[in-house]
Amino acid sequence: SNRRFTYEEAQEIIEGAEGDYKKEILFLDQIAKILRKKRLKAGALNIESEEMRFELDAAGNPTNVILKTSKDAHKLVEEFMLLANKKVATFIAKPENKADKIPFVYRCHDKPDIEKIALFRVFIAKFGYELNFTSPDDISSAINELLLKIKPTSEYSLIQTMAIRSMAKATYETDNIGHYGL
């Protein structure tokens with residue numbers, strides 16, 4: 001690394017400010033957006049995290065709550081972290097020579113449990129929403145469509161949290177079954 005950036009510094013450059021490595025950051029941002037679009041088109045879940053931070057007074061008491069949303073700089077780092085993890089897992093799982101196979105631990109994420117999805121459907125129905133899908137493979141696309149539709153609403157964060165909780169928990173396995181959420 002020639003230069004360490006904070007997310008805020010990189011975001012300012014992405015939004016048009018001048019700064020070190022501007023050309024490179026903008027190029028990486030373009031690549032990250034292509035990778036994200038491809039990943040979502042392939043059925044990945046589009047979950048946007050929010051982070052709460054507290055402003056404190058001199059005595060350390062909270063005076064304000066600041067809600068931070070994931071911006072392009074965060075998504076850039078996320079996409080390249082996912083790409084690096086995917087490349088390592090692919091390299092380990094599919095060696096050119098079967099004799100070179102290395103035992104490895106994979107982070108796996110199974111398909112959603114239909115019973116949990118049924119409960120999620122009941123939950124969102126209370127808000128007047130539906131989750132339309134025909135097979136378990138369509139669930140992530142249906143959730144993405146729902147979340148995109150309700151993003152401007154006050155119940156968005158709650159429903160997104162419940163969507164995440166309706167998914168299978170990630171586990172660590174020596175048999176790579178894949179990662180449904182990705």
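Before going into details, it helps to say that this report is about the structure given with it. Remember, predicted model here, so these are calculated numbers, not experimental data.

Let's talk about the side chain of Gln-11
And step 1. Along the chain, the position of Gln-11 falls in helix H1 (residues 7-14).
And step 2. In this structure Gln-11 comes out as buried when scored by relative accessible area, which is 9%.

With respect to the environment of Pro-103
And step 1. Within the secondary structure, Pro-103 is located in the loop between helix H3 (72-93) and strand S3 (106-108).
And step 2. According to the relative accessible area criterion, Pro-103 is exposed, its value standing at 75%.
And step 3. C-alpha of Pro-103 to C-alpha of Ala-93: the two residues are ten residues apart in sequence and 8.7 Å apart in space.

Side note on the nonpolar core
And step 1. Counting 18 residues, the largest nonpolar core has Phe-120, Leu-131, Ile-143, Leu-146 and Ile-159 as its most contacted members.
And step 2. Elements supplying a minimum of two residues to this core: helix H4 (114-125), helix H5 (139-150) and helix H6 (156-165).
And step 3. Among the elements that make up this core, the one with the highest residue count is H5 (six residues).
And step 4. With sequence-adjacent residues up to four places away left out, Ile-159 is seen in contact with Phe-120, Phe-123, Ile-124, Phe-127, Tyr-129, Leu-146, Leu-147 and Ile-150.
And step 5. Residues Ala-10, Ile-13, Ile-25 and Ala-73 belong to the second largest nonpolar core, which totals seven residues.

Some words on the packing of H4 against H6
And step 1. Where H4 meets H6, the axes come as close as 9 Å, and the angle between the chain directions of the two elements is 165 degrees. Viewed along their axes, H4 and H6 adopt a mutual orientation that is roughly antiparallel. Handedness of the crossing formed by H4 with H6: right-handed. Of the residues in H6, those touching H4 at Lys-116, Phe-120, Phe-123 and Ile-124 are Leu-158, Ile-159, Met-162, Ala-163 and Arg-165.
And step 2. Classifying every residue of the contact of H4 with H6 by side-chain character gives seven nonpolar, no polar and two charged.

Some remarks on the pairing of strand S1 (residues 50-56)
And step 1. As paired elements, S1 and strand S2 (residues 62-69) share seven bridges and run antiparallel to each other. Bridging from a neighbouring strand, Arg-53 pairs with Ile-66 of S2.
And step 2. From the end of S1 to the start of S2, which pair antiparallel, there are five residues, and Gly-60 there has a positive phi angle of about 85 degrees.

A look at a nonpolar patch on the surface
And step 1. Where nonpolar side chains cluster on the molecular surface, the patch consists of Met-52, Phe-54, Leu-56, Val-65 and Leu-67 and spans about 530 Å² of accessible area.
And step 2. Among the secondary structure elements, those contributing two or more residues to the nonpolar patch are S1 and S2.
And step 3. Per-element tally for the nonpolar patch: the top contributor is S1, with three residues.
And step 4. Locating Leu-56 in the fold gives a position in strand S1.

Scoring rules and cut-offs
- Residues numbered from 1 in each chain as written.
- Predicted model: local features only at pLDDT ≥ 70, side-chain atom pairs only at ≥ 80, totals over all residues.
- Heavy atoms only, no water.
- Helix = DSSP H or I, 4+ residues; strand = E, 2+ residues; numbered from the N terminus.
- Buried < 20%, exposed > 50% of the residue type's maximum accessible area, 1.4 Å probe, protein only.
- Core = buried A, V, L, I, M, F, W, Y, C linked by side-chain atoms within 4.5 Å.
- Contact = heavy atoms within 4.5 Å.
- Axes fitted to C-alpha atoms, helices over the stretch in contact; angles between N-to-C directions.
- Parallel < 35°, antiparallel > 145°, perpendicular 65-115°, else oblique.
- Left-handed = near helix turned anticlockwise from the far one by under 90°.
- Nonpolar A, V, L, I, M, F, W, Y, C, P; charged D, E, K, R; others polar.
- Pairing = 2+ DSSP bridges.
- Patch = residues over 30% accessible without salt bridge, like charges linked within 9 Å, V, L, I, M, F, W, Y side chains within 5 Å.
- Areas by Shrake-Rupley, 256 points an atom, 1.4 Å probe, with all protein chains shown as cover.
- Salt bridge = Lys/Arg side-chain N within 4 Å of Asp/Glu carboxyl O.

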